[in-house]
Amino acid sequence: MEAVAASYVKDTELRLGLPGSEAPEKPAMRGGKRALPEDDEAAFCKSSPEDASGLRSVGAAPVAKAQVVGWPPIRTYRKNNFQARKAETGADASGLFVKVSMDGAPYLRKIDLKLYQGYKELKEALDSMFKSFSQGESSRKEGCNGSEYAITYEDKDGDLMLVGDVPWEMFTSSCKRLRIMKASEARGLESKQ
Amino acid sequence: MTEDGDGEEKDEEKQKLSPTRSGGGGVGGGSSGSASSLSKMGRVRGGEERADQPPPFSDQVLENVIENVLEFLEYRRDRNAASLVCRSWYRAEAQTRREVFIGNCYAVSPARAITRFRAARALVLKGRPRFADFNLVPPGWGARFSPWVAAMAPAYPWLERVCLKRMTVSDADLALLARSFPSFRDLTLICCDGFGTPGLATIAELCRNLRVLDLIENDVEDEDEQVADWISKFPEATACLESLSFECVNCPVNFAALEALVVRSRSLRRLRVNQHVSIHQLRRLMERAPQLTQLGTGSFHSVPGAAGAPDLDVADLESTYAASKSLVCLSGFRMLEHEYLPAIFPVCANLVSLNLSYAMITAEQLKPVIFQCHNLHTFWVLDTIGDDGLQAVAKSCKNLSELRVFPFDASEDSEGSVSDSGLVAISEGCPKLRSILYFCQRMTNAAVMAMSKNCPDLVVFRLCIMGRCRPDQITGEPMDEGFGAIVMNCKKLTRLAVSGLLTDRVFEYIANHGKSVRTLSVAFAGNTDLSLKYILEGCPNLQKLEIRDSPFGDAGLLSGIHHFYNMRFVWMSACKLSSAGCKEVARSLPHLVVEVIGEWSQDLDTDAVEKLYLYRSLDGPREDAPPFVKIL
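Computed from a predicted structure; not experimentally measured.

## A word on the overall build of chain A
Now for step 1: A tally of regular secondary structure across chain A gives six helices and five strands.
Now for step 2: N-terminal to C-terminal, the α/β element order of chain A is α-α-α-β-β-α-β-β-α-β-α.
Now for step 3: Across the 193 residues that make up chain A, the buried fraction comes to 46%.
Now for step 4: Partitioning the intrachain contacts of chain A with sequence separation of at least 6 by distance along the chain shows that 60% fall at a separation of at least 24.
Now for step 5: Carbon and sulfur atoms make up 50% of the accessible area of chain A, which amounts to about 10000 Å² in all.

Here's what the structure looks like:
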């Protein structure tokens, strides 16, 4: 159990290493955001809706059946209203938006946890989202171990927890917001397990 | 209900900034009243410069007379037209305009608006572009209310009403509002964020003359659980409330205080509570306020074993509804318990507006209700009722004017419960339909064509086929012909949203026939720049254009240079724009603000433009742009 927990923690560490250095391979969909098709016009519109859905093709044509930000165009307000009820009935919730804040960054972001299949992708998404801030903080290069920041979250009860401790599904159903804080501040949380 | 009415009237600033083919207006002076663009620019400039100098005596008399006449003008369009006649009328109109509508908060600075309209009593302000509702605009982009309230506080002592849409309003802003305007009576916030219950508490406490507090679909956030008991803050003396809507406030309210407030507010006509109000509590509120005309029912759910109260009998609730003889508008039903739905039967025949769009009901559950709603004009519902449910609507609601069918499962791969046959049924049963928003997965050109023929009065047609780029489900063809028929047959159409598999052809249709179209929403559509060229060159009334994920590039964008000053905004995201093209637009049109919006980690100097948002402005680029926005 401890080994598993440890691997979760490792997965969620933010790193500044260059791509390819101990970092997992990034799939075509960076961080779960919709990919910009390059010059392939056909990629904009797949005219075969009968494609098998639910497959995430890593490294294949970008516009696969992965979720796209803001589509269908339903306001978050409405989506969130149904979320809790769908969870009760067991049906798929259509969106799970949580705020993400980073210590030192002046602006909040909101992400949809449903876009990610697990901690690895979440970590990558946060990595790319906050890269411009952590770059200013240090000049870490490839090969350094240890990380500058830890990802934490606030759960339903208001407690601050380290991301990666619990199974992914449990995390998405209890996470209320995410906070990226300096690793030194988060040290206290690890000992809570 | 949520008002998504994107203004039909001209903006305040449009009349000042007319198309200038020569690319810039000189100070023409002249008050000939002609429609030529240069003289309009010049007259406005001259008018502004001279507005502070008092006119000679006889002119002053004339101006006073005009003021008295212009006071009767209500509509923005009329006022805008009157202000263009000559400097004297411009001044007189500015002195008598009571409601100032600003469709884009960055089109004009607070100082300029306040300087011109010195006697305003009401402000309507819209901020973020609509695609912000779908998370396409990063938080922190802007549209803050702070500079506006700070500027108005000293300038508008008689301010009575503020209506904001898609703006960021802080608790401090609300506090300043509450303290600065002793006559303040009406606050409406739609799709705003940045405030919490502490801000509401200040409003409740300090606005002694408050009549309307409508909070509609706002993101009400309370930091660190600092939830304030805002309902209790309404002083005993406040008894003139006419409307209270707080469905979007997610925390429980002090029910005793709410009940007391309702009891003493004899003028209360509209009450929309949040889902923390149980059905028992709702009944008590209704009994205290039988004069209500509009009711948002909250959860419509009983709390099992609630504080010793026995389970509510449907018949009892029904008799309460029977006593509410004035009810014409019902909404809420946030956690509907189906057994209680029949309680609303007594009011169905009087209902003009019914919003069941948060209620997961089937066709069978809907039918007994809808069969009695003969007077319904507006109906919002979830697609769980299916085509069968829509058939029932078509059979009973002959006067239906607005229909919105929302998806229960808002994802691309969902089954979709309503389809082309539901659309056809509605078109056949409701010929007076003027506005429709329809989410589905299955659609055909034939169905859309049928609607275009059966409902010629359509003003708003928004069809969202949720699976991206889906063709006609039967023929496999693009959906061009269907939407083409809409623009051809519905001559009054001003707002259009397209979806499904679409080629350049549909935009050619829109350009050729959609001459009245003012708002156009495009997603995952078109093949080439021709599409964009068609629309920008062919639609003279186009004011709001929002496009996402479509293969339109610089050539298409540049074809709109002659028209951008006539528009409120253009939004283009995930298209094929480059910074070269956007810079060219910015260079050609000095009064246009061209924003390139990036994600944080993205270098804004790259060639590809991820998100473009451009809009006209009298006061140049804004100073509050965050780091992820670059203004060209």
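## Observations regarding the pairing of strand β20 (residues 611-616) of chain B
All names here are of chain B.
Now for step 1: The buried fraction of β20 amounts to six of the six residues, a majority that puts the element mostly inside the structure.
Now for step 2: Of the two faces of β20, the one carrying Lys611, Tyr613 and Tyr615 and the one carrying Leu612, Leu614 and Arg616 are both buried.
Now for step 3: Looking at chain direction, strand β18 (residues 569-573) and β20 are connected through four bridges and run antiparallel. Bridge assignment links Met572 to a residue of β20, and that residue is Leu612.
Now for step 4: Bridge count between strand β19 (residues 592-597) and β20: six bridges; the pairing is antiparallel. Bridging across to β20, Val596 finds its partner in Leu612.

## Quick look at the sheet that holds strand β5 (residues 175-182) of chain A
All names here are of chain A.
Now for step 1: Ordered by their spatial adjacency, five strands build an open sheet running β2-β1-β5-β3-β4, and the pairing between neighbours is mixed. If you trace the sheet from one side to the other, it starts and ends with β2 (109-112) and β4 (160-162), each paired once. With direction set aside, neighbouring strand axes in the sheet form an average angle of 30°.

## Looking at the confidence of the model for chain A
Now for step 1: When pLDDT is averaged along chain A, the result is 62; 46% of the residues meet or exceed 70.
Now for step 2: Considering only residues more than four positions removed or in separate chains, one finds that residues 90-94 of chain A, a stretch of pLDDT under 50, has nine contacts.

## Describing the pattern of salt bridges
Now for step 1: Throughout the structure, instances matching the rule amount to 30 salt bridges over all chains.
Now for step 2: A salt bridge links B:Glu93 to B:Arg116, with the shortest nitrogen-to-oxygen separation between them at 3.7 Å. Of the two residues, B:Glu93 is situated in helix α4 (residues 87-96) and B:Arg116 in helix α5 (residues 110-116); the sequence distance between them amounts to 23 residues. In this structure, B:Glu93 and B:Arg116 share a single accessibility class: buried.
Now for step 3: Taking the shortest distance from any N to any O, the salt bridge between B:Glu259 and B:Arg284 comes out at 3.0 Å. Here the residue B:Glu259 occupies a position in helix α9 (residues 255-264), and B:Arg284 occupies one in helix α10 (residues 279-288), the gap between them amounting to 25 residues.
Now for step 4: Given a relative accessible area of 9%, B:Glu259 falls into the buried group.
Now for step 5: By relative accessible area, which is 39% here, B:Arg284 ends up partly exposed.
Now for step 6: Members of the salt-bridge network, linked through shared partners, are A:Arg75, B:Asp133, B:Arg166 and B:Glu217.

The rules behind each value
- Residues numbered from 1 in each chain as written.
- Chains lettered and ligands numbered in written order.
- Predicted model: local features only at pLDDT ≥ 70, side-chain atom pairs only at ≥ 80, totals over all residues.
- Heavy atoms only, no water.
- Helix = DSSP H or I, 4+ residues; strand = E, 2+ residues; numbered from the N terminus.
- Buried < 20%, exposed > 50% of the residue type's maximum accessible area, 1.4 Å probe, protein only.
- Contact = heavy atoms within 4.5 Å.
- Areas by Shrake-Rupley, 256 points an atom, 1.4 Å probe, with all protein chains shown as cover.
- Pairing = 2+ DSSP bridges.
- Axes fitted to C-alpha atoms, helices over the stretch in contact; angles between N-to-C directions.
- pLDDT = per-residue confidence, 0-100.
- Salt bridge = Lys/Arg side-chain N within 4 Å of Asp/Glu carboxyl O.

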